[in-house]
Amino acid sequence: MAVPLRLAPPPGGPDTAVTSDPGPVPARPRAVATLKDVAAQANVHPATVSRALHPATRHLVRPGTARRVIRAAESLGYVCDHSAASLRTRSTRTVGVLLPDLGGPLAAALARGLEDHLTTAGYVALTGSTDCDATRERMFLTMMRGRHVDGLILAGCAARAPLAAAAGRLGLPVVIAGTLPESGSLPAVSADFPRGVRMLVDHLAALGHRSVACVTGPGESGRCRDFLAALAAKGLQPPHLPALAARTHSTDEGKRCCRRLLAGRASCTAIIATSDLLAAGCCQALAEEGRGCPRHVSVAGCGDLPLAGSLTPPLTTLRLPQYHVGVQAAQLLLDRIASPDSPPVARLLPPELVVRGSTGSVRFR
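Residues numbered from 1 in each chain as written. Predicted model: local features only at pLDDT ≥ 70, side-chain atom pairs only at ≥ 80, totals over all residues. Heavy atoms only, no water.

Novice: What is the right way to look at the overall build of the chain in this model?
Specialist: Counting its regular elements, the chain contains twelve helices and twelve strands. A separation of at least 24 residues holds for 71% of the contacts in the chain among residues at least 6 apart in sequence. Taken as a whole, the chain presents about 19,700 Å² of accessible surface, with 56% of it coming from carbon and sulfur. (Helix = DSSP H or I, 4+ residues; strand = E, 2+ residues; numbered from the N terminus. Contact = heavy atoms within 4.5 Å. Areas by Shrake-Rupley, 256 points an atom, 1.4 Å probe, with all protein chains shown as cover.)

What follows is the structure in structure tokens.
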């Protein structure tokens, strides 16, 4: 037979209340460290703390003092209140960056150069991928204006005149990255693509090619013009279908464009693509159609991505200094923020021709 359990009376008699164990007492939340706390621990004036913790003003503090302040801030868990600082200085220490596609390898290298340089100067980059869509570009511009960015860097499609003009009307410092605007009214820095495409055309012409076509990415009409100018400078006539614009910088689009370029009877003997991914797609299309590269058609790309040297055959390409384009664009914007009325500066960084196995002497058919 089951015997019911009986609770023993609590100590102190039957009328004593039974209470549950409250467990450990929660610790009080740690007080938020202030700038004055850091100053007290580092034994300096609060103004010295402010200067030492901001990269842009750290040079005003002795190195040993700056290190002591930084150690004190780290030990106390102090975090600068940028929103409060922005009210005093009217600067948010943020920069808006519009790129066509942050997932693209060349855009990623440019964005990393921007970010590294801006971070060193105490700024944060707010980056948006526009997909070369005008509505998306305007949306990002409105959002960045609402966040009171200190300046804008426009690259790729975003650097087109209408958006650049709209950004300028906001009264913000603007820098163009990756191309030089025809008006010359804005600071800009770019790899010297016209020089690079001339190098590629000269290289192919020296191999005997007289019919050279081009595959560009979306929104790259300027690069198409550079290609046609390079052909004219070498005395070469463009083929029946001289250039095609891909929808994206991808191998699939490279394959599609290559098949179209080779569809005619008077097709080209060489193709220049404005990215290594497009060039890789061209090589794949040739292989699938039983046309050897470079035996039947030579292919060259742009960017010198890690995949370029591992393709079969290894890809002839232009090595573009995109990371350094990003670094210099960031510096141009910082200069513009410091001196809004300074004259615009334009810089071109030289590319390098890397010759590999995807280009060879023409074989007349």
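That shown, we press on.
Novice: Is there a simple way to think about the pattern of salt bridges in this case?
Specialist: Two side chains carrying opposite charge are able to pair once their charged atoms lie near each other. Throughout the structure, instances matching the rule amount to eleven salt bridges. For the salt bridge of arginine 112 with aspartate 116, the shortest nitrogen-to-oxygen distance reads 2.9 Å. Of this pair, arginine 112 and aspartate 116 both sit in helix α5 (residues 105-120), four residues apart, roughly one helical turn. Take aspartate 116: its relative accessible area is 26%, and that puts it in the partly exposed class. Residues joined by salt bridges that share partners form a network here, namely Lys255, Arg259, Glu288 and Glu289. (Salt bridge = Lys/Arg side-chain N within 4 Å of Asp/Glu carboxyl O. Buried < 20%, exposed > 50% of the residue type's maximum accessible area, 1.4 Å probe, protein only.)

Novice: What exactly am I supposed to notice about the sheet that holds strand β7 (residues 243-245) here?
Specialist: The strands that make up a sheet pair up through hydrogen bonds in the backbone, lying either parallel or antiparallel. Judged by pairing direction, the sheet is mixed, and its six strands sit side by side in the order β7-β6-β8-β9-β10-β12 without closing on themselves. The sheet is open, and its two borders are formed by β7 and β12 (352-354), each paired with just one other strand. Each strand axis lies, on average, 15° off the axis of its neighbour in the sheet, ignoring direction. Of the pairings in the sheet, the one linking strand β6 (residues 212-216) to strand β8 (residues 270-273) comprises four bridges and is parallel in character. Paired with alanine 213 across the two strands is isoleucine 271, which belongs to β8. Where helix α9 (residues 221-233) meets the sheet, its contacts fall on β6, β7 and β8, and the angle it forms with β6 comes to roughly 165°. Sitting on the sheet, helix α10 (residues 251-261) touches β6, β7 and β8, and the angle it makes with β7 is about 150°. (Pairing = 2+ DSSP bridges. Axes fitted to C-alpha atoms, helices over the stretch in contact; angles between N-to-C directions.)

Novice: For this particular structure, what's the right way to read the side chain of threonine 316?
Specialist: As for its placement among the helices and strands, threonine 316 is situated in strand β10 (residues 316-319). Threonine 316 has contacts with His203, Val299, Ala300, Gly301, Leu353, Val354, Val355, Arg356, Gly357, Ser358 and Thr359, leaving out every residue within four places of it along the chain.

Novice: Got a minute to help me understand the sheet that holds strand β5 (residues 188-191) in this structure?
Specialist: Ordered in space as β2-β1-β3-β4-β5-β11, the six strands form an open sheet in which the pairing is parallel. Both outer strands of the open sheet, β2 (124-129) and β11 (346-349), are each paired with one neighbouring strand and no more. Ignoring strand direction, the axes of neighbouring strands in this sheet form an average angle of 15°. Pairing between strand β4 (residues 174-177) and β5: two bridges, direction parallel. Across the sheet, isoleucine 176 pairs through a bridge with alanine 188, a residue of β5. On the sheet, helix α12 (residues 322-338) packs against β1 (94-99), β3 (151-155), β4, β5 and β11 and is oriented at approximately 175° with respect to β5.

Novice: Is there a simple way to think about the packing of helix α1 (residues 35-42) against helix α2 (residues 46-53) in this case?
Specialist: When two helices pack together, their arrangement is given by the angle between their axes and by how far apart the axes lie. Contact geometry of α1 with α2 gives a least axis separation of 8 Å together with a crossing angle of 100°. Relative to α2, α1 is oriented roughly perpendicular. Facing Leu35, Lys36, Val38 and Ala39 of α1, the residues of α2 in contact are Pro46, Val49 and Ser50. Split by residue class, the contact of α1 with α2 holds five nonpolar, one polar and one charged. (Parallel < 35°, antiparallel > 145°, perpendicular 65-115°, else oblique. Nonpolar A, V, L, I, M, F, W, Y, C, P; charged D, E, K, R; others polar.)

Novice: Whenever I open this one, the packing of aromatic side chains confuses me. Can you help?
Specialist: Each aromatic ring pair is summarised here by two numbers: the centre-to-centre distance and the angle between the ring planes. Using the criterion set out here, one finds zero aromatic pairs in the structure. One residue, arginine 223, lies across the ring of phenylalanine 193, its end atom 4.3 Å from the ring centre. (Phe/Tyr/Trp six-rings, centres within 6.5 Å; stacked < 30°, edge-to-face > 60°. Lys NZ or Arg CZ within 6 Å of the ring centre and 35° of its normal.)

Novice: I tried to follow the pairing of strand β9 (residues 298-302) on my own but got confused; where do I start?
Specialist: On a regular strand, each side chain points to the face opposite its neighbour's, so the side chains alternate between the two faces of the sheet. For β9, a buried count of five out of five residues is recorded, marking the element as mostly surrounded by other parts of the structure. Of the two faces of β9, the one holding Ser298, Ala300 and Cys302 and the one holding Val299 and Gly301 are both buried throughout. Here β8 pairs with β9 via three bridges, running parallel. What sits directly across from alanine 270, in β9, is serine 298. The parallel pair β8 and β9 is bridged by helix α11 (residues 276-288), and the resulting crossover is right-handed. As defined by bridge partners, β9 adjoins β10 across three bridges and the pair is classed as parallel. Among the inter-strand pairings, glycine 301 is bridged to a residue of β10, identified as threonine 317. (Right-handed = clockwise from strand over helix to strand, strands pointing away.)

Novice: Would you explain unusual backbone geometry in this entry?
Specialist: Of all residues except glycine, most have a negative phi; of all peptide bonds, most are trans. In this chain, cysteine 293 is followed by proline 294 through a cis amide linkage whose omega measures 10°. Mapped onto the elements, proline 294 comes out in the loop between α11 and β9. In this model, threonine 312 is joined to proline 313 through a cis peptide bond whose omega is -5°. In this structure, aspartate 131 takes a positive phi of about 55° despite not being glycine. As for its placement among the helices and strands, aspartate 131 is situated in the loop between β2 and α6 (134-146).

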